[in-house]
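Each chain, written out:
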Number of protein chains: 2
Amino acid sequence: MAERLNGLKRSHMCGTLREENIGNTVTVMGWVQRKRNLGGLIFIDLRDRTGLVQVVLGDEIDKAAFLKADNVKSEYVIAVSGEVVKRSSVNTTLPTGMIEILGKDIKILGESETPPIIIKEDLDTSEAIRLKYRYLDLRRPDMQRNMIIRHKTAKIARDFLDDNGFIEIETPILTKSTPEGARDYLVPSRVSPGNFYALPQSPQLFKQLLMLSGYDRYFQIAKCFRDEDLRANRQPEFTQIDMELSFVDVDDVIDVNERLLQRIFKEIHNIDLSVPFLRMPYKEAMDRFGSDKPDIRFGMELKSLNDIVKASDFKVFKDALLNGGDVRAINAAGCGDFGRKDIDRLTDFVKTFGAKGLAWIALNNGEIKSPISKFLSENEMSEIIKRTEAKDGDLILIVADKSKVVYASLGQLRLEIARKLGILDGNIEHKFLWVTEFPLLEYDEEEKRYVAVHHPFTSPMDEDIEYLEKEPGRVRAKAYDIVLNGEELGGGSIRIHDSKLQEKMFGIIGLEMNTAWEKFGYLLEAFKYGTPPHGGLAFGFDRLIMFLVNTDNIRDVIAFPKTKEASDPLTDAPSTVDEAQLLELGIALIPNKINS
Amino acid sequence: MAERLNGLKRSHMCGTLREENIGNTVTVMGWVQRKRNLGGLIFIDLRDRTGLVQVVLGDEIDKAAFLKADNVKSEYVIAVSGEVVKRSSVNTTLPTGMIEILGKDIKILGESETPPIIIKEDLDTSEAIRLKYRYLDLRRPDMQRNMIIRHKTAKIARDFLDDNGFIEIETPILTKSTPEGARDYLVPSRVSPGNFYALPQSPQLFKQLLMLSGYDRYFQIAKCFRDEDLRANRQPEFTQIDMELSFVDVDDVIDVNERLLQRIFKEIHNIDLSVPFLRMPYKEAMDRFGSDKPDIRFGMELKSLNDIVKASDFKVFKDALLNGGDVRAINAAGCGDFGRKDIDRLTDFVKTFGAKGLAWIALNNGEIKSPISKFLSENEMSEIIKRTEAKDGDLILIVADKSKVVYASLGQLRLEIARKLGILDGNIEHKFLWVTEFPLLEYDEEEKRYVAVHHPFTSPMDEDIEYLEKEPGRVRAKAYDIVLNGEELGGGSIRIHDSKLQEKMFGIIGLEMNTAWEKFGYLLEAFKYGTPPHGGLAFGFDRLIMFLVNTDNIRDVIAFPKTKEASDPLTDAPSTVDEAQLLELGIALIPNKINS
């Protein structure tokens, strides 16, 4: 049976012992990383959250301790008391490598079977096993580092926001659907059967209410929920740094968030981010990078060829322009020698984004090769080369299609080629970018009406209000996203704070006032009683941590995550429940749905 | 329509202006608390989170501003720019009362209809209205103070725990039932219809897993959920300061939590709590106060009369003792003149706790009056008076029954009399108390077996392990509750960290290993791979804040609480959902259940 502490106290953490502790009598407690019995001496690497320390137990140091130590195996939990001494063979790879502990007493606090996961960095084990034995996976030093950085980042964010006058206020988990568009998780009510709570997709409406309650600056590191089919880096429950400010405009929100990121990067990685970050209107981001979250660590920008090919007889270009579309190109510098197979693969790639094909012009060894050269005049060809700044050895790639398709396919092609060429390998820059001036509304072809791009509470830009009714598609929003190396870290907007403007907005998106009232009536009612100008932003906290610990797997930054099937192999959630429980809730399973 | 900020910036918060600002040109923004038009001068009390400031607008100061100011009404949101000047009629009740702002420019940022709630302290409005218009209720200064104290307390707790080596780790909200005994909220899974997540009643099992993952010290300010019928101060979702520590015993957990409370009370109220707090074993608490959460701010302790009346012929006493019960008394000092009606009311009171009756002995004006005097010998009577230290003017109250009933009824009667006499009126003490050495197991008469008092992972006291099998009822647990002025603030225990002892424990409570395995198999599996000694504690955060802001209504410390029917009159949650949503989840409503 495991021994008890019986008053024994730990004096130090394993990884903290240094030369200055030499001569101290210490008691350390932790897990056995490794044990070697070299005849008269047993060496134990003992591990805790702070690192490893070497313990030596000798026949001659203490016979009883030596014999007990001989029983321990990997992952046993032990307590060792002894003297810190200078280590004969210094280990420079360990912070504690200058010293070791001469063990005089040992207690076995917990035994261990051979664990199904090796407790070491960079484990090459299937994720299914890692999640099933999550408690062992979390024991690995890299996962511990990730969790500690997550804790520290939350702490820094809270300290910063508190310093800047923000108040953290908890909003409900059991609430009503928020109008965010994604699917809600529902919770049946037992007290009023037939009714359901929804888990919040974000605290959006509550934080707006708090602004008109006068809290001035709210934040919350908040759990949010979306019942969506999970893509690689989505989780059914995720965490946001959510904030809202009163009496502010775009610049104020951007400023406070730049300083927040500055503090986080400084304190976690000692990196000095220079502010203000670059800002780029949505339209420019699309035109230049084909994306509203461009990776600006490299060029290969999109160039419009519309003016050059407007008189071209080439049917693909002509049709695209006639249909109001675009002809755009990127210059894949250094790819002039790509073979047919390479280009076929790129063509297949752009097709997944809706492009019908990929035209190309290769400049290689002084020759110009292109399947479309026969359709282009000499002048057109030379203008294209000039526009794309292509030189010998380069490859011009062209898509002609609806603008949306051109942006998506070239924007992604640009990233794909960068990956192929390894342009960003070893790049450790943090290129932050604010994308601003998003369109407020977009026309939904299916619904035959304008819909809100962000959400219907987003404020139009002051100078565009006049176009709201006549040219809704032209109106830009006071919305902003913060982008880091091509990934959206967060986003937000200034909200409408005028109920008349809000009503007009609902009218434009074809939401009748009684429907609007039904959906967010309490917010509209609240707006009647003195609403300050306000706006906010939410960071994807999990994604921020992914950047800080440099992983592309969201499950590396969440202690107990779900699989892509939204299940937890550790606890076996979700699972069946007793019929009596369902009866109490007034619900029943639909049999053929369950069996299917 | 409301005006826009158009670059206008706030320079100060309203409540922060002081004499040293005299001469400054400032811009403040906030809500109109009150407007008075005294002919050529308009006075506006402007309010934000920090307090009130007086603005004066005059015909002669700025005509346009004066005319605009004349349009504002209570709760309008305005921005005012002007000069800070010395106030002619100083208002000593306001921190800003030495100054006022001569308004030179004014913007109406948001209009307001007459609000259904008056924005003032100590509002005497029904809770139903307060919750429906929560955003206005939250605008009241006392609610703002409560929310700010809540924020600050969470901040102080996080700072303290971070300073003491704790790491905050988020545990899942979508999880599997925890074995806490209360009813779970369920969340149907869409991906695997027929299966359900449960919302956590506490992060208990996750925090234990984190200990064996080597995190050493974990904490979380965690949302927890219980689908219970709501008593006055219960909410379906509530917040805990939850923590767990490795390599510790009872004293370590108690020590860190005393220091945490010390820091909170110091920083919030500048109160110096003296530590260590008093500790009292469960048995002593019951014997002396009839309660495991005694209010020790006053005496009136329970006294056993068993030895005095053991030979008595009085049937009530005799029966109680024959059945293994107790005869105990309290001395309601100064109540010797209670009339028949007063005593009848006390009798009715103890009956609600299961007592069959209340015997009494009144010492008034040198006389002893008692309905039971005829059953007592002179010696018995004098011994009872001696034991209870009753003097002339006092009232001895006696209950004879099963021990449980005696404790409950006299423990509550003690509190009831203290309320009646106003013993604690104006008492501002904070009498903290640790109740320790709880029984590990209690015999369940219905189930005819022992059950865990706390939960089945609680460790027995080292010196009582030997009685586990032979005398389970005698075994005390390493469990502790922290009690403040008679309210339980939190509790916890040292856990079993030895799987053999854990198996024995399951055996004693008649939980077969395969059932245990099904319920918490992953924890038992986890325990095989090196478990450190560990233990923890959880504070009811909402209740802690109730103490700090001095309210007895839990809804005063939660921004968006639920009613006793677990509903939210503001958002109208819970509410009906589309049948299509339910179909996707594979569930249907049971019609007659809904209509009933």
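About the thresholds
- Residues numbered from 1 in each chain as written.
- Chains lettered and ligands numbered in written order.
- Predicted model: local features only at pLDDT ≥ 70, side-chain atom pairs only at ≥ 80, totals over all residues.
- Heavy atoms only, no water.
- Helix = DSSP H or I, 4+ residues; strand = E, 2+ residues; numbered from the N terminus.
- Buried < 20%, exposed > 50% of the residue type's maximum accessible area, 1.4 Å probe, protein only.
- Contact = heavy atoms within 4.5 Å.
- Areas by Shrake-Rupley, 256 points an atom, 1.4 Å probe, with all protein chains shown as cover.
- Lys, Arg positive; Asp, Glu negative; His and termini not counted.
- Charge placed at Lys NZ, Arg CZ, Asp CG, Glu CD.
- 1 Å grid on protein atoms, 1.4 Å probe; cavity = no way out; pocket = protein on both sides within 12 Å on 5 of 7 lines; lining within 4 Å.
- Points joined across faces, edges and corners; volume = space filled by probe spheres on them.
- Nonpolar A, V, L, I, M, F, W, Y, C, P; charged D, E, K, R; others polar.
- Buried area = accessible area lost by both parts, 1.4 Å probe.
- Salt bridge = Lys/Arg side-chain N within 4 Å of Asp/Glu carboxyl O.
- Polar contact = N/O pair within 3.5 Å; in protein donor to acceptor, adjacent residues only side chain to side chain.
- UniProt positions renumbered as here; feature names shortened; annotations may be inferred.
- Core = buried A, V, L, I, M, F, W, Y, C linked by side-chain atoms within 4.5 Å.
- Pairing = 2+ DSSP bridges.
- Axes fitted to C-alpha atoms, helices over the stretch in contact; angles between N-to-C directions.

1. Some thoughts on the overall build of chain A
In terms of helices and strands, chain A carries 17 helices and 23 strands. Taking the principal axes of the C-alpha coordinates as reference, chain A spans close to 95 × 75 × 55 Å. When burial is assessed residue by residue, chain A has 58% of its 596 residues classed as buried. Across chain A, contacts joining residues at least 24 apart in sequence account for 67% of those joining residues at least 6 apart. For chain A, the accessible area works out to roughly 24,600 Å², and carbon and sulfur atoms hold 48% of it. Both charge centroids of chain A, one from 81 positive and one from 95 negative side chains, sit 2 Å from each other.

2. Describing empty space enclosed by the protein
Summary: where empty space remains is shown by rolling a probe the size of a single water molecule over the atoms. One pass over the full model with this rule turns up nine cavities of 30 Å³ or more. Lining of the largest cavity is provided by 37 residues; of these, R158, E168 and I221 of chain A together with R158 and I221 of chain B occupy positions nearest its centre. Of all the elements in the fold, those that place two or more residues in the lining of the largest cavity are α4 (141–163) and β9 (217–225) of chain A together with α4 (141–163) and β9 (217–225) of chain B. Tallying contributions element by element places α4 of chain B first for the lining of the largest cavity, with five residues. When the residues that make up the lining of the largest cavity are grouped by side-chain class, the tally is 18 nonpolar, nine polar and 10 charged.

3. Quick notes on helix α5 (residues 204–212) of chain B
Residue and element names in this part refer to chain B. Of all the nine residues making up α5, nine are buried; the element is thus mostly covered by neighbouring parts of the structure. Those residues of α5 that sit buried are Q204, L205, F206, K207, Q208, L209, L210, M211 and L212. Count one or two residues on from α5 and you reach G214, which has phi positive near 90°.

4. Side note on the interface of chain A and chain B
Between chain A and chain B, the residue contacts involve 133 residues of the former and 133 residues of the latter. Together, the buried faces of chain A and chain B total about 11,800 Å²; carbon and sulfur atoms form 59% of this surface. On the chain A side of the contact with chain B, R4, F247 and Y529 of chain A bury the most area, a combined 7% of that side's loss. With a shortest N-O distance of 3.1 Å, E584 of chain A and R183 of chain B are connected by a salt bridge. Where chain A touches chain B, the interface holds 70 residue pairs in polar contact (both at pLDDT 80 or more).

5. Considerations on the pattern of salt bridges
Note that side chains of opposite charge can pair when their charged atoms are close. Enumeration according to the criterion identifies 119 salt bridges over all chains in this entry. Here E168 of chain A and R158 of chain B are joined by a salt bridge, their closest N and O atoms 3.6 Å apart. Here the residue E168 of chain A occupies a position in strand β6 (residues 167–168), and R158 of chain B occupies one in helix α4, the pair thus bridging two chains. Here E168 of chain A matches R158 of chain B in class, with each residue buried. Salt-bridge contacts for K562 of chain A lead to E237 of chain A; the nearest nitrogen and oxygen are separated by 3.5 Å. With a gap of 325 residues between them, K562 of chain A in the loop between α15 (541–549) and α16 (579–585) and E237 of chain A in strand β10 (residues 237–246) connect regions that are remote in the sequence. Neither residue differs from the other here; K562 of chain A and E237 of chain A are each classed as buried.

6. Looking at the UniProt feature "binding site: L-aspartate" (unreviewed entry) in chain A
All names here are of chain A. Within this structure's numbering, the places UniProt gives as "binding site: L-aspartate" (unreviewed entry) are E180, R226, H454 and R495. Along the chain, R226 falls in the loop between β9 and β10. Inspection of the secondary structure assignment puts R495 in the loop between β21 (487–494) and α13 (499–508). For R495, a relative accessible area of 3% gives the class buried.

7. Observations regarding the nonpolar core
By size, the foremost hydrophobic cluster in this structure holds 55 residues, and its most contacted members are Y135, L138 and F560 of chain A together with L209, L210 and F506 of chain B. Of all elements in the fold, only α3 (134–137) and α4 of chain A together with α5, α7 (282–289), β17 (432–436), β20 (479–484), α13 (499–508) and α14 (513–526) of chain B reach the threshold of two or more residues within this core. In this view, F560 of chain A contacts R134, L138 and L570 of chain A together with T171, P172, F206, L209 and L210 of chain B; residues no more than four positions away in its chain are not counted. Grouped together as the second largest cluster of nonpolar side chains are 54 residues, Y467, A479, L511 and F527 of chain A included.

8. Things to note about the sheet that holds strand β15 (residues 367–369) of chain A
All names here are of chain A. Read from one edge of the open sheet, five strands run β12-β13-β16-β14-β15, paired in antiparallel fashion. Of all strands in the sheet, those bounded by a partner on one side alone are β12 (303–304) and β15. Here β12 runs beside strand β13 (residues 326–332); their pairing, made up of two bridges, is antiparallel. Residue K303 lies in a different strand from β13, and its bridge partner there is A329.

9. Some words on the sheet that holds strand β15 (residues 367–369) of chain B
All names here are of chain B. Pairing is antiparallel across the open sheet formed by five strands, whose spatial order is β12-β13-β16-β14-β15. Among the strands making up the open sheet, the edge pair consists of β12 (303–304) and β15. Relative to strand β16 (residues 395–401), strand β13 (residues 326–332) is paired through seven bridges, and the arrangement is antiparallel. Bridging across to β16, N331 finds its partner in I396. Against the sheet, helix α11 (residues 378–387) engages β12, β14 (359–364), β15 and β16, with an angle of about 80° to β14. Along the sheet face, helix α12 (residues 403–421) touches β13 and β16 and points at about 5° away from the line of β13.

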